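One-letter residues, chain by chain:
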Amino acid sequence: MVKLWAAALVLAGLAAAAVPTPAAHFGHGIGVDKVLLDWDQVVSYFYALEKSSDRIRVREIGKSAEGRPLIAATIASPETMRKLDRYLAIQQRLADPRRATPLEAERFIGEGKTVVLITCSIHATEVASTHTAVEFAYRMLTDDSTRFQAIRAGTILILVPSLNPDGVDIVTRWYRKTLGTPFEGTSPPELYQKYVGHDNNRDWYIFSQPETRAVISQLHNVWHPEIVYDVHQQGSTGSRIFIPPWLDPIEPNVDAILAQEMNMIGTSIATDLTSAGKSGVAISASYDFWTPSRHYQAFHGGLRILTESASVRLATPLSLTSGQLDQDALGYNAQQRSWNHLEPWRGGTWRLRDIVDYQLIAFESCLYQAAIHREDMLRNFYKVGQRAIARTSPAAFVIPAEQRDPGATRRMLETLAFGAVEIERAPDGSHIIRMQQPYSSYAKALLERQRYPDLRMYPGGPPKRPYDVTAHTLPLLFGVDVNAVDRPIGGPLVRADFSKHQTTATLSALDTDSWVTVNQMWRKSLEVWRDANTGDFAERGRGASWKLLARPRIGLYQSFVPNMDEGWTRWLLENFGFAYTRTKNPDIQAGNLRSRFDVLVFPDQSPEEIVAGYPKGKMPEEFCGGLGDAGAKALLAFVQAGGKLLFFNRSTAYATQNLGVKADNILASVPSQEFYSPGSLLKVKLDTRSRLTLGLPSEISIWSEASPAFAVADGSIAQYPERDLLASGWLLGEKMIASRSALVDARVGAGHVILFGMRPQYRAQSYQTFKLVFNALIE
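About the thresholds
Residues numbered from 1 in each chain as written. Predicted model: local features only at pLDDT ≥ 70, side-chain atom pairs only at ≥ 80, totals over all residues. Heavy atoms only, no water. Salt bridge = Lys/Arg side-chain N within 4 Å of Asp/Glu carboxyl O. Helix = DSSP H or I, 4+ residues; strand = E, 2+ residues; numbered from the N terminus. Axes fitted to C-alpha atoms, helices over the stretch in contact; angles between N-to-C directions. Parallel < 35°, antiparallel > 145°, perpendicular 65-115°, else oblique. Left-handed = near helix turned anticlockwise from the far one by under 90°. Contact = heavy atoms within 4.5 Å. Pairing = 2+ DSSP bridges. pLDDT = per-residue confidence, 0-100. Phe/Tyr/Trp six-rings, centres within 6.5 Å; stacked < 30°, edge-to-face > 60°. Buried < 20%, exposed > 50% of the residue type's maximum accessible area, 1.4 Å probe, protein only. Lys NZ or Arg CZ within 6 Å of the ring centre and 35° of its normal. Expected span 1.5 Å × (residues − 1). Polar contact = N/O pair within 3.5 Å; in protein donor to acceptor, adjacent residues only side chain to side chain. Core = buried A, V, L, I, M, F, W, Y, C linked by side-chain atoms within 4.5 Å. Disulfide = S-S within 2.5 Å. Arc of directions from axis to C-beta.

## Comments concerning the pattern of salt bridges
By the definition in use, this model includes 44 salt bridges. The shortest N-O distance in the salt bridge between Arg-410 and Glu-414 comes to 3.0 Å. One end of the pair is Arg-410 and the other is Glu-414, both in helix H14 (residues 406–418) and 4 residues apart, which spans about a single turn. Among the charged side chains, a network of salt bridges with common partners joins Glu-106, Arg-374, Glu-375, Asp-376 and Arg-379.

## Focus on the packing of helix H7 (residues 128–142) against helix H12 (residues 352–372)
The N-to-C vectors of H7 and H12 enclose an angle of 50°; their axes lie 9 Å apart at closest approach. With respect to H12, the element H7 is oriented oblique. Helix-helix and strand crossings are classified by hand; for H7 and H12 the assignment is right-handed. Judged by residue contacts, Ala-128, Ser-129, His-131, Thr-132, Ala-133, Glu-135, Phe-136 and Arg-139 of H7 engage Leu-352, Arg-353, Ile-355, Val-356, Gln-359, Leu-360, Phe-363, Glu-364 and Leu-367 from H12.

## Brief notes about the sheet that holds strand S11 (residues 396–399)
Strand order in the open sheet formed by 5 strands is S14-S11-S13-S12-S15, with antiparallel pairing between adjacent strands. Edge positions in the sheet fall to strand S14 (483–485) and strand S15 (494–495), since each of these pairs with one other strand and no more. Sheet analysis places S11 next to S14, joined by 3 bridges and oriented antiparallel. In the sheet register, Phe-397 faces S14, and the bridge partner there is Ala-484.

## Points about the confidence of the model for the chain
In the predicted model, the chain carries a mean pLDDT of 93, and 93% of its residues have values of at least 70. Note on residues 502–525: pLDDT under 50 across the span, and 76 contacts to partners over four residues away in sequence or across chains.

## What to know about the pairing of strand S22 (residues 580–583)
Across 4 bridges, the pairing between strand S21 (residues 554–557) and S22 is parallel. Bridge pairing in S22 places Leu-556 opposite Arg-582.

## A few points about the packing of aromatic side chains
Inspection of every chain in the model, using the stated rule, returns 33 aromatic pairs. Seen in terms of ring centroids, Phe-207 and Tyr-296 are 6.1 Å apart; in terms of plane orientation they differ by 70°. Their pairing is edge-to-face. Separated by 89 residues along the polypeptide, Phe-207 in the loop between helix H9 (165–178) and helix H10 (210–223) and Tyr-296 in the loop between strand S7 (281–283) and strand S8 (303–310) bring together distant segments of the chain. Look at Phe-207 and you get buried, because its relative accessible area is 2%. Among the aromatic side chains, those forming a connected cluster through ring pairs are Phe-478, Phe-576, Phe-578, Tyr-767, Phe-770 and Phe-774. One cation-aromatic arrangement involves Arg-147 over Tyr-368; the distance from NZ or CZ to the ring centre is 4.1 Å.

## What to know about unusual backbone geometry
Here the bond from Pro-244 into Pro-245 is cis, since omega is 20°, no more than 30 degrees from zero. The topology assignment puts Pro-245 in the loop between strand S6 (241–243) and helix H11 (256–275). Following Asp-248, the chain continues into Pro-249 via a peptide bond in cis, with omega recorded as 0°. Examined against the element boundaries, Pro-249 turns out to sit in the loop between S6 and H11. Phi at His-224 takes a positive value of approximately 45°, unusual for a residue other than glycine. With respect to the helices and strands, the residue His-224 is situated in the loop between H10 and strand S5 (227–234). Although it is not a glycine, Ser-286 sits at a positive phi angle of roughly 70°.

## Some points on H14
Taking 1.5 Å of rise per residue, 13 residues should cover 18 Å, and H14 covers 18 Å from first to last C-alpha, within 8% of that figure. With 10 of its 13 residues buried, H14 lies for the most part within the structure. Those residues of H14 lying buried are Gly-407, Ala-408, Thr-409, Arg-411, Met-412, Leu-413, Glu-414, Thr-415, Leu-416 and Phe-418. Its side-chain oxygen at 3.2 Å from the backbone nitrogen of Gly-407, Asp-405 defines the N-terminal cap of H14. In the segment just after H14, Ala-420 is the residue with positive phi, at about 70°.

## Remarks on the nonpolar core
Nonpolar side chains in soluble globular proteins tend to end up buried together. In this structure, Phe-46, Ile-118, Ile-433, Phe-756 and Leu-777 are the most contacted members of the largest nonpolar core, which totals 199 residues. When residues no more than four places from it in sequence are discounted, the contact partners of Leu-777 are Pro-552, Ile-554, Leu-573, Phe-578, Val-599, Val-601 and Leu-646. If you look at the next biggest cluster of nonpolar residues, it comprises 26 residues, including Ile-588, Phe-597, Ala-634 and Val-753.

## A word on the state of the cysteines
All chains considered together, the criterion is met by 0 disulfides. No disulfide involves Cys-120; its nearest neighbouring cysteine sulfur is the one of Cys-366, lying 12 Å away.

## Regarding the sheet that holds S6
The sheet built from 8 strands is open, its strands ordered S1-S2-S4-S3-S5-S8-S6-S7 with mixed pairing. The outermost strands of the open sheet, each flanked by one partner alone, are strand S1 (56–63) and S7. The mean inter-strand angle of the sheet, taken between neighbouring strand axes irrespective of direction, is 20°. In terms of strand pairing, strand S2 (residues 69–75) meets strand S4 (residues 155–160) through 3 bridges, oriented antiparallel. Looking across to S4, one finds that Thr-74 is bridged to Ile-158. Strands S6, S7 and S8 of the sheet are contacted by H11, whose axis makes an angle of about 35° with S8.

## Re the environment of Ile-257
Looking at the element boundaries, Ile-257 is found in helix H11. You can call Ile-257 buried: its relative accessible area is 16%. Residues Ile-257 and Asn-380 lie 123 residues apart in sequence; the distance between their C-alpha atoms is 7.2 Å. Non-local contacts of Ile-257, meaning those with residues more than four positions away in its chain, are made with Asn-380, Lys-383, Val-384 and Arg-387.

## Comments concerning the pairing of S8
With 8 of 8 residues buried, S8 lies mostly within the body of the structure. As judged from the 2 bridges shared by S6 and S8, these two strands associate in the antiparallel manner. Across the sheet, residue Phe-242 finds its bridge partner in S8, namely Glu-308.

## Observations concerning the environment of Leu-141
In this fold, Leu-141 is placed in helix H7. Residue classification places Leu-141 among the buried residues on the basis of a relative accessible area of 3%. A sequence separation of 91 residues divides Leu-141 from His-232, and the C-alpha atoms of the two residues are 24 Å apart. Not counting residues up to four positions away in its chain, the partners in contact with Leu-141 are Val-19, Leu-49, Ser-53, Arg-55, Ile-56 and Ile-75.

## Structural notes on helix H20 (residues 628–640)
Its 13 residues give H20 an end-to-end C-alpha distance of 19 Å, which sits within 8% of 18 Å, the value for a rise of 1.5 Å per residue. Among the residues making up H20, those that are buried are Gly-631, Ala-632, Ala-634, Leu-635, Phe-638 and Val-639. The arc that holds the buried residues of H20, viewed along the axis, is 165°, so those residues lie on one side. H20 presents Asp-629 and Lys-633 as exposed residues on the side facing more than 90 degrees away from its buried surface. Against helix H18 (585–589), strand S23 (599–602), strand S24 (644–648), helix H21 (652–658), strand S31 (741–748) and strand S32 (751–756) lie the buried residues of H20. Just beyond H20, the residue with positive phi is Gly-642, at close to 110°.

Structure below.
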């Protein structure tokens, strides 16, 4: 027996020896100073691991926005790997309690494994976790300590070394270019995801980006993990690492069982870090758990773990004293001991390798807790589903067949269906979403109106800032009528199929299948269509003949300062078939704009960045500067000659300050104690006589976040009502903006300057207000 055991150890050692080390593959250790990784090297390393071990499988789950492979590695014991199909079947049965009786579930619980999905570097400047994933994968294959044996035996790890492969290469390329210069360690002067940059982690319920859709469709909705651990970095001067518990508020549709399990796993990770001698560990600080745009699985039966490690300058070390750490971080003081920050970091040199070391401990701790609590995790996973299908209030949401915008209605239903919501169709054509289904929490969160709690820094003091935003009501965002009902839904219903994504419709009257709707709806008395082949536009009144419209020549302003709203605007234009030209500072300063453009669009951006951009010395010379006086002069000449300028949200201040547009933002210097709308949906009344509002009802909800409200003498197109302005989210001081304007069409010379006191294309979510933009573009 001893000889057999010794032989097994020898074989295990030989197998481990065959696994390539990170240093052998990359030519350096992981987490060394001033070295970042190329994505193709990361991918090839994981495939090399797969060739060397029966504990890992690697597959491509999709492509990034720029076409790079998005990969996931499944890691477990060889015995588990040989029976993956069986464990997947168990997981899918437990995920839907209607498919397993309690007796069957107990048998599955005894047999199944805890599925843990770890996702890395969705934010590409948070570079460490891809490095950590590389080293941790090696350890998972070669470490035969008791803890790692327990992890491999009790869990199935799905490891995504980066949710943003494009960003890995964008940041690495920039870092190498600036290494040894004064700009070493700066962020690149471009978005690190093709369209949305940092907002790629705000896409978890609208599913606009290919990376999001791949991870949801290939991992979340297939494996239904009990734990999703998303690995991030924060600023440099706070705690060394944050771990749940979360701050208030927790979104009310997140099951309390999951919230308690997040507390349990998070505090266990904090314990293991402290036990390993790591200081600066903070819990219950900085991060709330409200918006589903930041996480998916907590509304789908699993729990979300987040860690946020203190950053360095990409891969360049930082030296900090204790006195340089934050004293007013939300929920704690990074310089002082408190119940949720028990051993402050005392300063010193902080390196990329330090972040990797903290994260390695956190990875192992999370998986070990998942392994030793395996049966409890699986039983609670099943129980959360049981509680969801037992929901009775409301009984269902009904989406009537008769809708003002059938295209928007279908798009909303497609979005819900992609998130695994079951939708049925009634004989009258209406759609029914019953709450007696496993993911009713998700459906309910997105279909009801949010009432964010009034949280203050202290009684009577300023509002406590939400980590992100406060509203996520799809019916308001899409302009769809939805009714919650408390009665059981009877009658014959059939399952609706939204697996085939449809966003366009053909128009036989034009005798060509290439003509598709711009807005997917009737625009009041006009119908407007675009030829998908040529980009031409046509319109007609009801019963009238078709008239071709001039194709708008659109310029989209792109500052040298990376701007997520510019990326979202590009996404909008491209997805709805509008050709455009990206215009930078020199393009505008050159003048003669009217000969090249009909419309120029300025996304949400501070007027200071538009005017001045990066100051000299902050970035390389070619990326410094803004429009300056020459740009303002050219824009004024453009609009006076009949051009049209569109300004979104904060950029409206550029028009009022530099182009002489007469509109006073009455919120310009108002403190947050008096007015606060941190990502909320507010009601407005539209002037339906304006072409800007064609196809829209007289009242809609708009996205309000750092948004202006205007006092104007004329040109008001959207106006806040006198009272009851809040549609969903959180609003303080509504009287400040009552009866003020949220959309202004100002005449300047022969042209128009249109001020959007909102982000009408907000994160691809504010679907109804897309139409305001389209109307402005093709008017």
